[in-house]
Amino acid sequence: MVDWVNVFVSYRVVVLRREEIVQGVLHPELSADAPPVRSFLEEWSDARFVRETPLGTEVTLLRRTVPRVRERWWLHVLLFLLTLLSTTVSGALFGGWEPLRWVPASVGSWELALPAGIFPAQLVPGLHFSLPLLAILLAHELGHYLAARSRGMDVSPPYFIPAPLLSLIGTLGAFIRLRSPMLNRAVLLDVGAAGPIAGFLLAVPLAAAGLRHSTGGTPPYDTPTRFLVPVGGGGEGIWIGSSLLFDALSAWLAPPGEVVVLHPWAVAGWVGFFVTALNLFPLSQLDGGHILFALAGRRQRYAGLAFLAVLLFLGQGWVGWWIWAGLILVIGRGSVAHPPVFDPDYPVGRGRQAVGWACMAILVLTFVRVPFSL
């Protein structure tokens, strides 16, 4: 084992989240490729960062102090299968099918209809919606997961959240758990941007293909928007708003007519855009908060406050923005500011900056002012 004093002029050792971080400046006669330093680095297989500073070559190392958590793969698979079922039910409803058998029930003075069975033949068409949607969500979370693992971080596989009857699309999305501390803003941007970019790149061709297979027409009455998601029979459904990108794809690919009845692939693509935009809000610990903090440091809080004010204003048109703003404040414990990273001075670099600002452009392209109208 190499003595740290023989490698570093000065160093510090910090333990965060059961991981040990060593950061120090190499002796002037040593470089990162010198044999004593290489021998030292071999003991730190998790993550390492090297940069030149006015004080010399700075090295930051990360390794776990305890073994990796043993993943409960059965739970991840179970949640995925339950989410597949709930989103398939929603997809079948969007296609005008009736996949569930309902029975009346009384709860006090309330008369409700509760699901009591599934009609498999009516359920299968819902896969046209659920499989593309889950592919987008999986791509998003795998983007985060692979970016984190490639940088030596301890991270969980995706947890999918089934939400039958609680969500129109049958799910509340998915998430991963980062168990390692965030070392610097470069890693923060890499991990934060990988998910939205991966999901967005899959959502674009799905939305395009879905719009190409959608149907058009002229309604006998005024409609709140141009895009209709059919639910059940009788031509009823949910009217959804449009983003700049969805409008552009529609103008190019959708059939002529004042109304576009969306194919399930188009609905999945639209949801992919919507989820991407939600995650890119520059608030707290959302992906957009990660990215903007990586780009602007502590100035992110001012953009976060301004964006929160925008959401509160837009809540007059769709109350869901007030609910979403409240959830974000709960996640951030009353703050829209992003928490600090271990080494805020590590350079982000122009390439990463371009990726970060591209993500902010994706937010502009996919944001919907009024997502839903009945």
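Refer to the preceding data block for the structure.
Residues numbered from 1 in each chain as written. Predicted model: local features only at pLDDT ≥ 70, side-chain atom pairs only at ≥ 80, totals over all residues. Heavy atoms only, no water.

Novice: I tried to follow the overall build of the chain on my own but got confused; where do I start?
Specialist: Looking only at helices and strands, the chain features 12 helices and 13 strands. In the chain, which comprises 374 residues, the share counted as buried stands at 50%. For the chain, the share of sequence-separated contacts (at least 6 apart) that also reach a separation of at least 24 residues comes to 69%. When the accessible surface of the chain is split by element, carbon and sulfur atoms take 64% of a total near 18600 Å². Once the 26 positive and 23 negative side-chain charges of the chain are each reduced to a mean point, those two points are 2 Å apart. (Helix = DSSP H or I, 4+ residues; strand = E, 2+ residues; numbered from the N terminus. Buried < 20%, exposed > 50% of the residue type's maximum accessible area, 1.4 Å probe, protein only. Contact = heavy atoms within 4.5 Å. Areas by Shrake-Rupley, 256 points an atom, 1.4 Å probe, with all protein chains shown as cover. Lys, Arg positive; Asp, Glu negative; His and termini not counted. Charge placed at Lys NZ, Arg CZ, Asp CG, Glu CD.)

Novice: Help me understand unusual backbone geometry, please; the structure alone is not making it clear to me.
Specialist: Keep in mind that most residues, glycine aside, have a negative phi and that most peptide bonds are trans. The phi dihedral of Ser284 is positive, around 45°, even though this residue is not glycine. With respect to the helices and strands, Ser284 occurs in the loop between α8 (264–279) and α9 (287–296). Accessibility expressed as a relative area gives 1% for Ser284, which makes it buried. A positive phi angle, close to 55°, is found at Arg333, a residue other than glycine.

Novice: Would you take a moment to explain the packing of helix α3 (residues 73–94) against helix α5 (residues 127–150) for this structure?
Specialist: The geometry of a pair of packed helices is captured by two quantities: the angle between their axes and the separation between those axes. Two numbers describe how α3 lies on α5: the axes approach to 7 Å, and their chain directions differ by 135°. On the basis of the axis angle, α3 is oblique to α5. Seen from above, α3 lies across α5 with right-handed handedness. Between α3, through Phe80, Thr83, Leu84, Thr87, Thr88, Ser90, Gly91 and Phe94, and α5, the contact on the second element is made entirely by Leu127, Phe129, Ser130, Leu131, Leu133 and Leu134. (Axes fitted to C-alpha atoms, helices over the stretch in contact; angles between N-to-C directions. Parallel < 35°, antiparallel > 145°, perpendicular 65-115°, else oblique. Left-handed = near helix turned anticlockwise from the far one by under 90°.)

Novice: What should I look at first to understand the pattern of salt bridges in this one?
Specialist: Two side chains of opposite charge can pair, provided their charged atoms sit close to one another. One pass over the structure, following the stated rule, counts 6 salt bridges. A salt bridge links Asp190 to Arg151, with the nearest nitrogen and oxygen atoms 2.9 Å apart. Within this pair, whereas Asp190 is found in helix α6 (residues 185–212), its partner Arg151 is found in the loop between α5 and β7 (159–162), the two being separated by 39 residues in sequence. Taking the relative accessible area as the measure of exposure, Arg151 reaches 25% and is therefore partly exposed. Asp190 is the salt-bridge partner of Arg352, the closest N and O atoms lying 2.8 Å from each other. With Arg352 in helix α12 (residues 350–366) and Asp190 in helix α6, this residue pair connects regions lying 162 residues apart in the sequence. Residue class for Asp190 comes out buried when judged on its relative accessible area of 13%. (Salt bridge = Lys/Arg side-chain N within 4 Å of Asp/Glu carboxyl O.)

Novice: What should I look at first to understand the packing of aromatic side chains in this one?
Specialist: Each aromatic ring pair is specified by the distance between its two centres and by the angle formed by the two planes. Evaluation of the coordinates by the stated rule reveals 18 aromatic pairs. With 4.7 Å between their ring centres and 50° between their planes, Phe281 and Phe307 make a pair best called tilted. Here Phe281, found in the loop between α8 and α9, pairs with Phe307, found in helix α10 (residues 300–314); they are 26 residues apart in sequence, far enough to count as distant. Like Phe307, Phe281 is buried. (Phe/Tyr/Trp six-rings, centres within 6.5 Å; stacked < 30°, edge-to-face > 60°.)

Novice: In this structure, what is going on with helix α2 (residues 35–42)? I would like to understand it.
Specialist: Since one α-helical turn is 3.6 residues long, residues separated by three or four positions face the same way. Of all the positions in α2, only Val37, Phe40 and Leu41 are classed as buried. Projected onto a plane normal to the axis of α2, the buried residues spread over an arc of 95° and lie on a single side. Exposed residues on α2 whose side chains face more than 90 degrees from its buried face are Pro35 and Glu42. As for α2, its buried residues are in contact with α1 (4–7), β1 (8–16), β2 (19–26), β3 (47–53) and β4 (56–64). (Arc of directions from axis to C-beta.)

Novice: I tried to follow the nonpolar core on my own but got confused; where do I start?
Specialist: Core analysis: the biggest nonpolar cluster contains 79 residues, and Leu211, Leu262 and Phe281 have the highest contact counts within it. Per-element tally for this core: the top contributor is α6, with 12 residues. Ranked by size, the runner-up nonpolar core spans 13 residues in total, among them Phe8, Val22, Leu41 and Val59. (Core = buried A, V, L, I, M, F, W, Y, C linked by side-chain atoms within 4.5 Å.)

Novice: Teacher, can you tell me more about the sheet that holds β4 here?
Specialist: Hydrogen bonds along the backbone pair up the strands of a sheet, which may run parallel or antiparallel. Pairing is antiparallel in the open sheet, where 4 strands are placed in the order β1-β2-β4-β3. Two strands close off the open sheet at either side, each with one partner strand: β1 and β3. The sheet shows a mean angle of 15° between the axes of neighbouring strands, taken without regard to direction. Running over the sheet, α2 touches β1, β2, β3 and β4 and is turned about 20° from β4. (Pairing = 2+ DSSP bridges.)

Novice: Where do I start with the environment of Tyr159 in this structure?
Specialist: Position of Tyr159 relative to the elements: it lies in strand β7. Considered as a pair, Tyr159 and Val77 are 82 residues apart in the sequence and their alpha carbons are 8.7 Å apart. Tyr159 has contacts with Leu75, His76, Leu79, Gly173, Ala174, Phe175 and Arg177, leaving out every residue within four places of it along the chain.

Novice: What is the right way to read the sheet that holds strand β11 (residues 237–240) from this model?
Specialist: The strand order across the open sheet built from 5 strands is β9-β12-β10-β11-β13, with neighbouring strands paired in mixed fashion. A strand with exactly one partner marks an edge of an open sheet, and here the two such strands are β9 (215–217) and β13 (372–373). Sheet topology places strand β10 (residues 227–230) next to β11; 4 bridges connect them, and they run antiparallel. The partner of Phe227 across the bridge, within β11, is Ile240.

Novice: In this structure, what is going on with α10? I would like to understand it.
Specialist: Its 15 residues place the ends of α10 21 Å apart at the C-alpha level, agreeing with the 21 Å of an ideal helix rising 1.5 Å per residue. As for α10, its buried residues are in contact with α9, α11 (320–331) and α12. (Expected span 1.5 Å × (residues − 1).)

Keep in mind these numbers describe shape, not what the thing actually does.
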